[in-house]
Amino acid sequence: MSTAIRPKARGARSSLVVHSLWAITLAGFGLLLFAPNALAHHPLAGRLPANFFEGFMSGVAHPVIGVDHFVFVIAVGLISALMRQGVMIPIAFVIAGLAGTGMHLQRLDLPAPEFFISASVLLFGVLLALKRHPNWQIVAGLAAVAGIFHGYAYGEAIVGADMTPMVAYLSGFTVIQLGVALGARAIGRRMLKGHQMPELPLRFSGFAICGFGAAFLSALILG
């Protein structure tokens, strides 16, 4: 009796995971459509942080309320769950993000950062959706390149600030990105253990992230 019930329970759990992913996707698209553009890139409404607390909270907020950044960080965490040494992928991304912010603060120009940020979301959605994935070194390298552009965009909110809020800002966005990525990695690894076709839920997530990336790119290109 119990052996007959177990496959049904697993099927129900699998169906719940898939439906949950699609619900999250629809909610995310709603957020993308209705979130103001100013909010997505300026946590303090364009005002420079004046102290440690404002700097830290601005750093924490930027990768979260910036939907393109947030979706990418989740993608980094999920794809890292598929690889034995995958934890190096979010670490590479976060370190490169600090370098990208430093480039902005040094007044070094990067070409079309918003385009590359949107493209990075689409790329990592594709990588996550693939049946076979590149090795973790290649993915970590791609994450590092993307991190430079994401970090460069973060730098816009802190140019001209004093040293204390600047350090707090860098600390804030580093902590939140690593936390979100590692949280997504933990969720991804749990999905892999609780599913008859282990990679299927993560591949569905990849397709959803591809949709986000395509939406970001089309919004950027079409204005």
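See the structure shown above.
This section reports on the structure supplied with the text. None of the values given here were measured: they were computed from a predicted structure.

A count of helices and strands for the protein chain gives nine helices and zero strands. Traced from its N-terminal end to its C-terminal end, the protein chain shows the element sequence α-α-α-α-α-α-α-α-α. Counting the 223 residues in the protein chain, one finds 42% classified as buried. Nonlocal contacts in the protein chain, meaning residues at least 24 apart in sequence, comprise 83% of its contacts between residues at least 6 apart.

In this model, helix α5 (residues 88–105) (18 residues) spans 26 Å end to end at C-alpha, consistent with the 26 Å of a helix rising 1.5 Å per residue. Where the residues of α5 are buried, they touch α4 (67–80), α7 (136–155) and α8 (163–193). Note on α5: the residue one or two positions beyond its end, Arg107, has a positive phi of about 65°.

There is a patch of nonpolar side chains on the surface, built from Val87, Met88, Ile91, Ile95 and Leu182 and spanning about 370 Å² of accessible area. With three residues, α5 is the single largest residue contributor to the nonpolar patch. Within the element layout of this structure, Leu182 appears in helix α8. With a relative accessible area of 35%, Leu182 lands in the partly exposed category.

We now examine unusual backbone geometry. With phi around 65°, Arg107 is a residue other than glycine that occupies positive phi space. Phi is positive for Ala112, close to 45°, though the residue is something other than glycine.

The first and last C-alpha atoms of α7 sit 28 Å apart over 20 residues, in line with the 28 Å expected at 1.5 Å per residue. Of the residues making up α7, those classed as buried are Val139, Ala140, Ala143, Ala146, Gly147, Phe149, His150, Gly151, Tyr152, Ala153, Tyr154 and Gly155. The inward-facing, buried residues of α7 abut α3 (52–65), α4, α5, α6 (113–129) and α8. Put simply, Asn135 is the residue that caps the front of α7, since its side-chain oxygen is 3.1 Å from the backbone nitrogen of Gln137.

All right, on to the side chain of His69 then. Along the chain, His69 turns up in helix α4. Overall, His69 belongs to the buried group, its relative accessible area being 0%. Only 2.9 Å separates the side chain of His69 from the side chain of His150, close enough to count as a polar contact.

What follows covers the packing of aromatic side chains. Applying the stated rule across the entire model yields eight aromatic pairs. Ring geometry for Tyr154 versus Phe173: centroids 4.8 Å apart, planes at 45°, classification tilted. Pair noted here: Tyr154 is in helix α7 and Phe173 is in helix α8, with a separation of 19 residues, a long-range link. Judged by its relative accessible area of 0%, Tyr154 is buried. Under the relative-accessibility criterion, Phe173 is labelled buried at 0%. A network of ring pairs unites the aromatic residues Phe72, Phe93 and Phe124 as a single cluster.

Each value, and the rule that gives it
Residues numbered from 1 in each chain as written. Predicted model: local features only at pLDDT ≥ 70, side-chain atom pairs only at ≥ 80, totals over all residues. Heavy atoms only, no water. Helix = DSSP H or I, 4+ residues; strand = E, 2+ residues; numbered from the N terminus. Buried < 20%, exposed > 50% of the residue type's maximum accessible area, 1.4 Å probe, protein only. Contact = heavy atoms within 4.5 Å. Expected span 1.5 Å × (residues − 1). Patch = residues over 30% accessible without salt bridge, like charges linked within 9 Å, V, L, I, M, F, W, Y side chains within 5 Å. Areas by Shrake-Rupley, 256 points an atom, 1.4 Å probe, with all protein chains shown as cover. Salt bridge = Lys/Arg side-chain N within 4 Å of Asp/Glu carboxyl O. Polar contact = N/O pair within 3.5 Å; in protein donor to acceptor, adjacent residues only side chain to side chain. Phe/Tyr/Trp six-rings, centres within 6.5 Å; stacked < 30°, edge-to-face > 60°.

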